[in-house]
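Each chain, letter by letter, is given below.
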Number of protein chains: 2
Amino acid sequence: MALRLSDIDPNQRIRKKEAIERLEAAQLQLATIQHEMSEKKLPVILVFEGWDAGGKGGACRRIIEFWNPRSFAIHPVAAPSEEEKLHHYLWRFWRDIPARGKVGIFDRSWYGRVLVERVEKFATKDEWKRAYTEINNFEQTLHDDGYLIIKFFMHISPDEQLRRFQDRENNPLKAWKMTEEDYRNRDKWDDYEAAINDMLQETNTACAPWHVIPGNHKATARTLTAECVLEAIQNRLK
Amino acid sequence: MALRLSDIDPNQRIRKKEAIERLEAAQLQLATIQHEMSEKKLPVILVFEGWDAGGKGGACRRIIEFWNPRSFAIHPVAAPSEEEKLHHYLWRFWRDIPARGKVGIFDRSWYGRVLVERVEKFATKDEWKRAYTEINNFEQTLHDDGYLIIKFFMHISPDEQLRRFQDRENNPLKAWKMTEEDYRNRDKWDDYEAAINDMLQETNTACAPWHVIPGNHKATARTLTAECVLEAIQNRLK
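Treat the numbers as computed from the prediction; the structure is a model and nothing was measured.

**Student:** Would you mind going over unusual backbone geometry with me for this structure?
**Tutor:** A negative phi holds for most residues other than glycine; trans holds for most peptide bonds. At Lys 41 of chain A, a position not held by glycine, the phi torsion is positive, near 55°. By the secondary structure assignment, Lys 41 of chain A is in the loop between helix H1 (16-39) and strand S1 (44-50). With a phi close to 75°, Arg 108 of chain B is a non-glycine residue in the positive phi region. Residue classification places Arg 108 of chain B among the partly exposed positions, given a relative accessible area of 26%.

What follows is the structure, given as structure tokens:
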């Protein structure tokens, strides 16, 4: 299904009061539905990708806020370890695939292969081109086995990103999040945009669809993400 | 590539003296080539399937006999644990895929999905039919990443199997290997033969070929297996 970053205006906005009310309603229902997810042994995989400072962590925290910590695991994905580099890139992700009845949340994911590894040339062109099929097969295999897979791309504008970088630098609670690398990645915005569009083009499948979330306004982004997760789970449990 | 059990006469035989000489020569070369495999970071996957008492263990031991224990791991595959059952059937195998430079040996494997799980109806028809594609994709993915995959089916005749069962029962060192189940499986020889032929038909790919080894004569089987592993490794290192 055709999908491009430019289809979504990152500045799209729900009025703050409405957004907060809707987020709370979605969270209440997510808390309530949890028992049934576990009872029916529904396995769920949430993938969060997005621009640096795009709001992945915040959106993710709102979803799990009222869940039993035993029912989910968050996997923050950083550069692979030496041991991981000695394996196929999907190896470490297979390891963390949740059991039936659990939710696995990937804060960055196997899509690193076609994003950072492509742009930074850690993967050869052959490797990242092949990865689309490998990833589609991987997700299809899990889907056919009953997994619900929901993928988010948190989309913000370059200006908004700059504001957030500066906020982080000035906030002692968040300064640790910033590195030189963030600015270096920012300089490659166009390369990343091309890689993101190719990723959306190649891997927006019926069994594991992408949702590009307008991210400039945090309340909007969090509400839309939580509602999307809730709706997908409700549909699956019907 | 078309391949059926009936293509191979399990009674095929190399004279014992010749077999032993050839096995020793292959073992010597396997010991010698090990350094290069590790140096060039070649990852190798050996799959052993076969009739009960078909000689998987014996053939496997001859291959690793002179290898550094750090360079390989043998994974004996039994029924899945409760935790494993809560995951996709490939999950536990991904976990044990060797790192580059290592050899992973599977004594039974993911092919259980289309053999025992099919015949014993632990998997639905949809599930085991789908598994051929899933397995081919899985092996293709590893092959494309540089893995050398060699698959063996140890083929013996029903009469030879009966002789071996009786030997095991009369040998205090081997009696532990026998269970009621072995005779139950034997009663389903035809069902297993159909499943094996479908497996060979569907998964004998260029990137992960099957080798049906004539197994009635142990020295022959072990020699042919060791020579096959050696040749595949030599070709890959060329």
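Read on, since the account is not over.
**Student:** Before we go on, may I ask you to explain the packing of aromatic side chains in this structure?
**Tutor:** Aromatic rings considered in pairs are described by the distance between their centres and by the relative angle of their planes. Applying the stated criterion across every chain, the model contains 27 aromatic pairs over all chains. Each ring, one from Trp 51 of chain A and one from Trp 189 of chain A, has its centre 3.6 Å from the other, and the planes form 5°; the classification is stacked. Placement of the pair is Trp 51 of chain A in the loop between S1 and helix H2 (56-64) and Trp 189 of chain A in helix H9 (residues 189-203), with a sequence separation of 138 residues. Across the pair, exposure class does not vary: Trp 51 of chain A and Trp 189 of chain A are buried alike. On the numbers, 6.4 Å between centres and 65° between planes, the contact of Phe 93 of chain B with Phe 106 of chain B is edge-to-face. With Phe 93 of chain B in helix H4 (residues 91-95) and Phe 106 of chain B in strand S3 (residues 103-107), this residue pair connects regions lying 13 residues apart in the sequence. Overall, the relative accessible area of 0% leaves Phe 106 of chain B in the buried class. The residue whose ring lies beneath Arg 95 of chain A is Trp 91 of chain A, and the NZ or CZ to ring-centre distance is 5.5 Å.

**Student:** It is not clear to me how the interface of chain A and chain B should be interpreted in this structure. Could you clarify?
**Tutor:** Much of the literature gives interface size as the accessible area that the parts lose upon coming together. In this complex, chain A contributes 22 residues to the contact, which on the side of chain B involves 22 residues. Taken together, the two surfaces of chain A and chain B that pack against each other cover about 2000 Å², and 55% of this comes from carbon and sulfur. When the buried area of chain A at its contact with chain B is split by residue, Leu 86, His 88 and Trp 94 of chain A rank highest and sum to 31% of it. Taken together, the connections running from chain A to chain B amount to zero salt bridges. For the side of chain A that touches chain B, the elements supplying multiple residues, two or more each, are helix H3 (82-85), helix H4 (91-95) and helix H6 (125-144) of chain A. In terms of residues, the side of chain A that touches chain B owes the most to one element, H6 of chain A, which gives six residues. Its residues assigned to classes, the side of chain A that touches chain B comprises nine nonpolar, four polar and nine charged.

Procedures and definitions
Residues numbered from 1 in each chain as written. Chains lettered and ligands numbered in written order. Predicted model: local features only at pLDDT ≥ 70, side-chain atom pairs only at ≥ 80, totals over all residues. Heavy atoms only, no water. Helix = DSSP H or I, 4+ residues; strand = E, 2+ residues; numbered from the N terminus. Buried < 20%, exposed > 50% of the residue type's maximum accessible area, 1.4 Å probe, protein only. Phe/Tyr/Trp six-rings, centres within 6.5 Å; stacked < 30°, edge-to-face > 60°. Lys NZ or Arg CZ within 6 Å of the ring centre and 35° of its normal. Contact = heavy atoms within 4.5 Å. Buried area = accessible area lost by both parts, 1.4 Å probe. Salt bridge = Lys/Arg side-chain N within 4 Å of Asp/Glu carboxyl O. Nonpolar A, V, L, I, M, F, W, Y, C, P; charged D, E, K, R; others polar.

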